[in-house]
Amino acid sequence: MLTGKQRSYLKGIANTMDPIFQVGKNGITENFVKQVDEALEAREIIKINVLNNSYLDTTKVAKDLVESTNAEFVQSIGNKLVIYRESKENKKIQLP
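All of the points below concern the structure found in this document.

Thresholds, definitions, all that
Starting from 1, residues in each chain are numbered consecutively following that chain's sequence as written. Given that the model is predicted, a residue must reach a pLDDT of at least 70 before its local features are reported, and side-chain atom pairs must reach 80 or more before they are shown or counted; all residues, however, enter totals for whole chains, interfaces and linings. Excluded from the side-chain calculation are hydrogens and water; included are all heavy atoms of the structure. Working definition: helices are DSSP H or I runs of at least four residues, strands are E runs of at least two. Numbering for both runs from the N terminus. Each residue is placed in one exposure class: buried if its accessible area under a 1.4 Å probe, protein chains only, is under 20% of its type's maximum, exposed if it is over 50%, and partly exposed if it falls in between. Contacts between residues were defined by any pair of non-hydrogen atoms, one from each residue, lying within 4.5 Å. Using a 1.4 Å probe, accessible areas were evaluated by the Shrake-Rupley method; residue-level cover was limited to the displayed protein chains. In summary, the charge assignment counts Lys and Arg as positive and Asp and Glu as negative, without counting His or the chain termini. Throughout, a charge is located at the NZ atom of Lys, the CZ atom of Arg, the CG atom of Asp or the CD atom of Glu. Two strands are counted as paired when DSSP detects at least two bridges linking them. Axis geometry follows a simple rule: fit a line to the C-alpha atoms, using only the stretch in contact for helices, then measure angles between N-to-C directions, giving values from 0 to 180 degrees.

**Considerations on the overall build of the protein**
Inference 1: What the protein contains, in helices and strands, is three helices and four strands.
Inference 2: Counting from the amino terminus, helix and strand elements in the protein follow one another as α-β-α-β-α-β-β.
Inference 3: Its C-alpha atoms give the protein principal-axis dimensions of about 35 × 25 × 20 Å.
Inference 4: In the protein, buried positions account for 42% of the 96 residues.
Inference 5: Sequence-distant contacts, at least 24 apart, represent 71% of the contacts inside the protein between residues at least 6 apart.
Inference 6: If you sum the accessible surface of the protein, you get close to 5900 Å²; carbon and sulfur atoms cover 46% of it.
Inference 7: When the 14 positive and 12 negative side-chain charges of the protein are each reduced to one mean point, those points stand 6 Å apart.

Dropping the structure here:
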């Protein structure tokens, strides 16, 4: 569980990032979850864009991804969401 200070720190990092994944009308598939899981291991923090044509709620997408990848929800602004998971082998981010 992230503290407020840690969440704020991660929001600062995510502010300059571009989304690396998009959720479209196919929704969250098993393959998509696998790719997100691998990206979290490599980068620790990722930003995902939920497209307008997907008809999915951003908070629902975030909740599903957090549960399936064992990650932490950082923030959701508009159609973009940010999730974080500490890497087991490639630790890059040092939380305060």
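**Digging into the sheet that holds strand 3 (residues 72-77)**
Inference 1: Ordered in space as 1-2-4-3, the four strands form an open sheet in which the pairing is mixed. Single-partner strands in this sheet number two, and they are strand 1 (21-23) and strand 3. For this sheet the average axis-to-axis angle between neighbouring strands, irrespective of direction, equals 25 degrees.
Inference 2: Here strand 2 (residues 45-50) pairs with strand 4 (residues 80-84) via five bridges, running antiparallel. Across the sheet, Ile-48 pairs through a bridge with Leu-81, a residue of strand 4.
Inference 3: Running at roughly 145 degrees to strand 2, helix 2 (residues 30-43) makes contact with strand 1, strand 2 and strand 4 of the sheet.
Inference 4: Against the sheet, helix 3 (residues 58-69) contacts strand 1, strand 2, strand 3 and strand 4, and its axis sits at roughly 20 degrees relative to strand 4.

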